[in-house]
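Examination of the molecular architecture
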Amino acid sequence: MERLIAEALEEGDEKCVINLPDIPGGAKTFELVAKFCYGVKLELTSSNVVYLRCAAEHLEMTEDYGEGNLIMQTETFFNQVVLRNWKDSLKALQTCDDILPYAEELNITKRCIESLATKACTDPNLFGWPIMERGPMQSPGGSVLWNGISTGARPKNSSSDWWYEDVSTLSLPLYKRLISIMESRGIREEIIAGSLAFYAKKYLPGLNRRQGASESSSRVVPAALAPPSEEEQKTLLEEIDRLLPMQKGLVPTKFLFGLLRTALILKASPSCLSKLEKRIGMQLDQATLEDLLMPNFSYSMETLYNVDCVQRILGHFLSMDQIAGGASPCSVDDGQLIGSPSLTPITMVAKLIDGYLAEVAPDVNLKLPKFQALAAAVPDYARPLDDGLYRAIDIYLKSHPWLAESDREQLCRLMDCQKLSLEACTHAAQNERLPLRIIVQVLFFEQLQLRTSIAGCFLVSDNLEGSRQLRSGFAGSTEGGWATAVRENQVLKVGMDNMRMRVSELEKECSDMRQEIEKLGRTKGSSAWGNVSKKFGFKLKSQMCSAEEGSVSNQNNGSAKSEKAKDRQGKHKKNLSSDG
């Protein structure tokens, strides 16, 4: 000030006016500096020490002009008080945003960040740091107060995420520097990822729209916090994506889907979208059907849901599964395939994709090639049963009745009729939307399933009879127990005979159906199938009726014969009596 006044007087100005526009902290800080110069007692706090330290440096208030000058006092307070306390270091770092060039020049920002990083990497319970804002029943040292007296007891132990909320108050540039320093200090990646997720949820409102009530937290988004602009949200999302470690399971899959959905709305960069899709693909087996149902935010609005994005995510998952050494259909037997633990994730993904196909199938704008591509992307060995795929195909056929017969057959070739359950086979055999060729295949494999199950029943009955004979031989069973076993076996054999008759009837019906289909090979359409079904339906009914009538007529004939025999015996007795 003295030098500035002397320079102004040398220039010959009658009115000495000195302008100080570049004082760090502005007029309020200069007022505190002036009070210090006039001997007024100055209270240093974590909120004003950075301003005063930078202003003192700017005004050259060194020890050369007086002992215990402002630079010395602020530097001592900063090193001995502020940097030793978590909350004070945080508040001092927050004030650096306003005067960042001055704070960077004096190395204040770096010292605050390193102090916070050191404390975040250390268990705070070892030093009794006041982590959160101190409540009325907690002393500055961290002990619990009772009636104003320290009890020596500590608050309950904090978890590894105790610092998430505090550092979320920092601006994005300072937060990024803090996270980078923490990573260099060796803090675990899952803790870093948790902090990034907390920061993103606080400043990206779109992430909390689909959040469940059980997952909501009152501390995530303060009510008074004004949401940032769309451009700021886009920048924040891309920075979060860059900082987030590329590792499976660090953050929930629902959070990643929220990031991707928000990135699509904000039109983030293609590289950001691609990285998010890869992250989701790494842990797609942890996703839910609700996560996959992402609306299509493009201007074309070709489809209701973003099917292309889901197909890319599935591609990333399959490539990661192959790298991880996922099983192939030729490497293991069918019996081992379903129960193999390594196939559990891909089986879950196959079930998830089948459910997704059933949800998007009613969309009339969903083209057949896109539906086929997504359904065919799942390997065959990943589906123990094709019931889910059949359900999706049936819904698609119902919502797209204008498909040609060739397109219907091409679509139905995606499923394996041998992998349909008995209930699905029963439904498919009566489904008029399916092509005729597919229905014949379903009936054929249904017959094979029935024969296999009958053979299994015979095997079980033989084993049961042998075991009973063995038990009776060893245990010396009574005559009554043996008679009961014999009766049960007879009943079982009768049931097996009925089953054999039914199988033979089905085989005959199937052969007749093949002959009739060969005759009508040139005719196509549902009308031809209706004629065939009517013919066979009538034929089957007539056979059943004829069989029943045959049994009834046999019974009637038998009874008539017995009555005739009785009449003959009566007449013979009368003749004998008359002769006598």
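Residues numbered from 1 in each chain as written. Predicted model: local features only at pLDDT ≥ 70, side-chain atom pairs only at ≥ 80, totals over all residues. Heavy atoms only, no water.

Notes on the overall build of the protein
Assigned secondary structure in the protein consists of 24 helices and two strands. Counting all 580 residues of the protein, 37% fall into the buried class. Pairs at least 24 apart in sequence give 70% of the contacts found in the protein among residues at least 6 apart. Accessible area of the protein: about 33900 Å², with a carbon and sulfur share of 55%. (Helix = DSSP H or I, 4+ residues; strand = E, 2+ residues; numbered from the N terminus. Buried < 20%, exposed > 50% of the residue type's maximum accessible area, 1.4 Å probe, protein only. Contact = heavy atoms within 4.5 Å. Areas by Shrake-Rupley, 256 points an atom, 1.4 Å probe, with all protein chains shown as cover.)

Examining the nonpolar core
Ranked by size, the top nonpolar core spans 124 residues in total, and within it I108, W163, M182, L260, L284, I353 and F371 carry the most contacts. If we skip the residues at most four places from it in the chain, I108 touches V50, R53, C54, F78, C96 and A103. (Core = buried A, V, L, I, M, F, W, Y, C linked by side-chain atoms within 4.5 Å.)

Section: empty space enclosed by the protein
Unfilled space is identified by rolling a water-sized probe across the atoms. Considering all chains together, one arrives at one cavity of 30 Å³ or more under this definition. Computed from the structure, the largest cavity encloses a volume of approximately 60 Å³. In terms of lining residues, the largest cavity is bounded by L244, P245, M246, Q247, L250, V251, L256, R279, M282 and Q283. Counted by class, the lining of the largest cavity contains seven nonpolar, two polar and one charged residues. (1 Å grid on protein atoms, 1.4 Å probe; cavity = no way out; pocket = protein on both sides within 12 Å on 5 of 7 lines; lining within 4 Å. Points joined across faces, edges and corners; volume = space filled by probe spheres on them. Nonpolar A, V, L, I, M, F, W, Y, C, P; charged D, E, K, R; others polar.)

Overview of the packing of aromatic side chains
For the coordinates displayed, the defined rule picks out six aromatic pairs. Ring centres 4.1 Å apart and planes at 10 degrees place the aromatic pair Y175 and Y199 in the stacked group. Taken as a pair, Y175 in helix 9 (residues 172-184) and Y199 in helix 10 (residues 189-203) lie far apart in primary sequence, 24 residues in all. Across the pair, Y199 and Y175 agree in class, each one buried. An angle of 25 degrees between the planes, with centres 4.6 Å apart, marks the rings of F371 and Y396 as stacked. Of this pair, F371 sits in helix 18 (residues 368-377) while Y396 is found in helix 19 (residues 387-399), placing the two residues 25 residues apart along the sequence. Exposure class is identical for F371 and Y396. Each is buried. Here a set of aromatic residues connected by ring pairs shows up, and it is made of W163, Y164 and F198. (Phe/Tyr/Trp six-rings, centres within 6.5 Å; stacked < 30°, edge-to-face > 60°.)

Remarks on the environment of R188
Here R188 shows up in the loop between helix 9 and helix 10. When its relative accessible area of 47% is taken as the criterion, R188 is described as partly exposed.

Points about the side chain of Q283
Tracing the backbone shows Q283 in the loop between helix 13 (270-282) and helix 14 (289-292). Engagement of the side chain of Q283 in a polar contact is seen with the backbone nitrogen of G249, the distance being 2.8 Å. Apart from residues no more than four positions distant in its own chain, Q283 is found in contact with Q247, K248, G249, L250, V251, P252, T253 and L256. (Polar contact = N/O pair within 3.5 Å; in protein donor to acceptor, adjacent residues only side chain to side chain.)

Thoughts on the packing of helix 9 against helix 10
With their axes 11 Å apart at the nearest point, helix 9 and helix 10 run at an angle of 170 degrees to one another. Taken together, the axes of helix 9 and helix 10 are roughly antiparallel relative to one another. Of the residues in helix 10, those in contact with L172, Y175, I179, M182 and E183 of helix 9 are I192, S195, L196 and Y199. Broken down by class, the residue content of the contact of helix 9 with helix 10 amounts to seven nonpolar, one polar and one charged. (Axes fitted to C-alpha atoms, helices over the stretch in contact; angles between N-to-C directions. Parallel < 35°, antiparallel > 145°, perpendicular 65-115°, else oblique.)

Brief notes about the confidence of the model for the protein
Per-residue pLDDT for the protein averages 75, and the proportion of residues at 70 or more is 67%. Confidence over residues 327-342 falls short of pLDDT 50; this stretch has ten contacts with residues more than four positions distant or in other chains. Contacts of residues 467-480 to residues separated by more than four positions or lying in other chains number seven contacts, the stretch itself having pLDDT below 50. (pLDDT = per-residue confidence, 0-100.)

What about the environment of V251?
In this fold, V251 is placed in the loop between helix 11 (230-243) and helix 12 (253-266). Linking V251 and A193, residues 58 residues apart in sequence, is a C-alpha distance of 6.5 Å.

Some points on helix 7 (residues 108-120)
Two residues of an α-helix separated by three or four positions point the same way, owing to the 3.6 residues in each turn. Over its 13 residues, helix 7 runs 18 Å from end to end, which matches the ideal 18 Å to within 8%, given 1.5 Å per residue. Those residues of helix 7 that sit buried are I108, T109, C112, I113, S115, L116, A117, K119 and A120. Check the buried side of helix 7 and you find it contacts helix 3 (49-58), helix 4 (70-82), helix 5 (86-95), helix 6 (100-105) and helix 9. (Expected span 1.5 Å × (residues − 1).)

Notes on the pattern of salt bridges
Enumeration according to the criterion identifies 18 salt bridges in this entry. When the shortest N-O distance is used, the salt bridge between K87 and D166 registers 2.9 Å. With K87 in helix 5 and D166 in helix 8 (residues 164-167), this residue pair connects regions lying 79 residues apart in the sequence. We note that K87, like D166, is buried. (Salt bridge = Lys/Arg side-chain N within 4 Å of Asp/Glu carboxyl O.)

Re unusual backbone geometry
Residue N107 is not a glycine yet carries a positive backbone phi of 65 degrees. With respect to the helices, strands and loops of the structure, N107 is situated in the loop between helix 6 and helix 7. Here the phi dihedral of K267 falls at roughly 60 degrees; this positive angle occurs in a residue that is not glycine. Tracing the backbone shows K267 in the loop between helix 12 and helix 13. By relative accessible area, K267 is classed as partly exposed at 46%.

Some details on a nonpolar patch on the surface
Together, M1, L4 and F30 make up an exposed nonpolar region whose accessible area comes to about 250 Å². Inspection of the secondary structure puts L4 in helix 1 (residues 2-10). (Patch = residues over 30% accessible without salt bridge, like charges linked within 9 Å, V, L, I, M, F, W, Y side chains within 5 Å.)

Focus on the side chain of T109
Within the element layout of this structure, T109 appears in helix 7. Once residues lying within four places of it in the same chain are set aside, the contact partners of T109 are L93, C96, L100, A103, E104, L174 and R177.

Quick word on the packing of helix 13 against helix 15 (residues 307-323)
Two numbers describe how helix 13 lies on helix 15: the axes approach to 8 Å, and their chain directions differ by 55 degrees. With respect to each other, helix 13 and helix 15 are oriented oblique. For the element pair helix 13 and helix 15, the recorded crossing hand is right-handed. Between helix 13, through E277, K278, I280, G281 and M282, and helix 15, the contact on the second element is made entirely by C309, R312, I313, H316, F317 and M320. By residue class, the composition of the contact of helix 13 with helix 15 is six nonpolar, two polar and three charged. (Left-handed = near helix turned anticlockwise from the far one by under 90°.)

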